[in-house]
Amino acid sequence: VVGRHKSGELLQLVLNIAKTRSPGSERPRFIAVFQDVTELTARIRELAVANEHVSVLQSNNEEVLTAMGVPVVVAEDFDGTGLRIISCNPATAAVFGYGSAELQGEPVTVLMPADMGERHGEFVDAHERTGENKIIGRTAGRKVVGRHKSGELLQLVLNIAKTRSPGSE
């Protein structure tokens, strides 16, 4: 449902209607509850755009990956031993101080401080067990600390999109 705020702004609303009766009355009453989902709708649109970007990357379009000016890492868990980097763009190499070829095949934990790297498997297991997305798929990134090849700690904003390769479960 679309509503209009007194300021004139259009709002995306969810309308729930419940039928009830007052005690001692046979006449039905209706209760209408409106919920403003304007921000949620905008975030869903943003996520759809982000998912389109991921789809382009997933289709192995290396040109797009290379052209992106922000670090992008594509990782996969091939054998149950944890996420390993299968590709990254030049921005990733520049920010973290590695050559792109150096990172291929390495665990994603190489880009994290040691304490976070040690706990990363727990975070992934918790996500797989509960389905709860604390970072994955969120349009607003999460502030995290990364680790440069030199050991220097980096302040980062992390966004993760989970995708499936064609033909995978």
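That block above? That's the structure.
In this report, the structure presented in the accompanying data block is examined. As the structure is a prediction and not an experimental result, all values here were calculated from the model. (Residues numbered from 1 in each chain as written. Predicted model: local features only at pLDDT ≥ 70, side-chain atom pairs only at ≥ 80, totals over all residues. Heavy atoms only, no water.)

Before going further, it helps to examine the overall build of the protein. Scanning the protein from N- to C-terminus turns up 5 helices and 7 strands. Taken from the N to the C terminus, the helices and strands of the protein come in the order β-β-β-α-α-β-β-α-α-α-β-β. Every one of the 169 residues in the protein was classed for burial, and the buried ones make up 19%. Across the protein, the fraction of contacts at a sequence separation of at least 24, relative to all contacts at a separation of at least 6, is 29%. Roughly 12,200 Å² of accessible area belongs to the protein as shown, and the carbon and sulfur atoms make up 54% of that amount. (Helix = DSSP H or I, 4+ residues; strand = E, 2+ residues; numbered from the N terminus. Buried < 20%, exposed > 50% of the residue type's maximum accessible area, 1.4 Å probe, protein only. Contact = heavy atoms within 4.5 Å. Areas by Shrake-Rupley, 256 points an atom, 1.4 Å probe, with all protein chains shown as cover.)

The antiparallel open sheet is built from 3 strands, whose spatial order is 1-2-3. Looking along the sheet, the strands with just one partner apiece sit at the ends: strand 1 (2-4) and strand 3 (28-36). Neighbouring strand axes in the sheet, compared pairwise and without regard to direction, differ in orientation by 50° on average. Pairing geometry for strand 1 and strand 2 (residues 10-21), over 3 bridges, is antiparallel. Residue pairing in the sheet places arginine 4 in a bridge with leucine 10 of strand 2. (Pairing = 2+ DSSP bridges. Axes fitted to C-alpha atoms, helices over the stretch in contact; angles between N-to-C directions.)

Here the focus is a nonpolar patch on the surface. On the surface, a nonpolar cluster with roughly 530 Å² of combined accessible area is contributed by Val1, Leu15, Ile17, Phe30 and Phe34. Looking at the nonpolar patch, the elements with two or more residues in it are strand 2 and strand 3. Examined against the element boundaries, phenylalanine 30 turns out to sit in strand 3. (Patch = residues over 30% accessible without salt bridge, like charges linked within 9 Å, V, L, I, M, F, W, Y side chains within 5 Å. Salt bridge = Lys/Arg side-chain N within 4 Å of Asp/Glu carboxyl O.)

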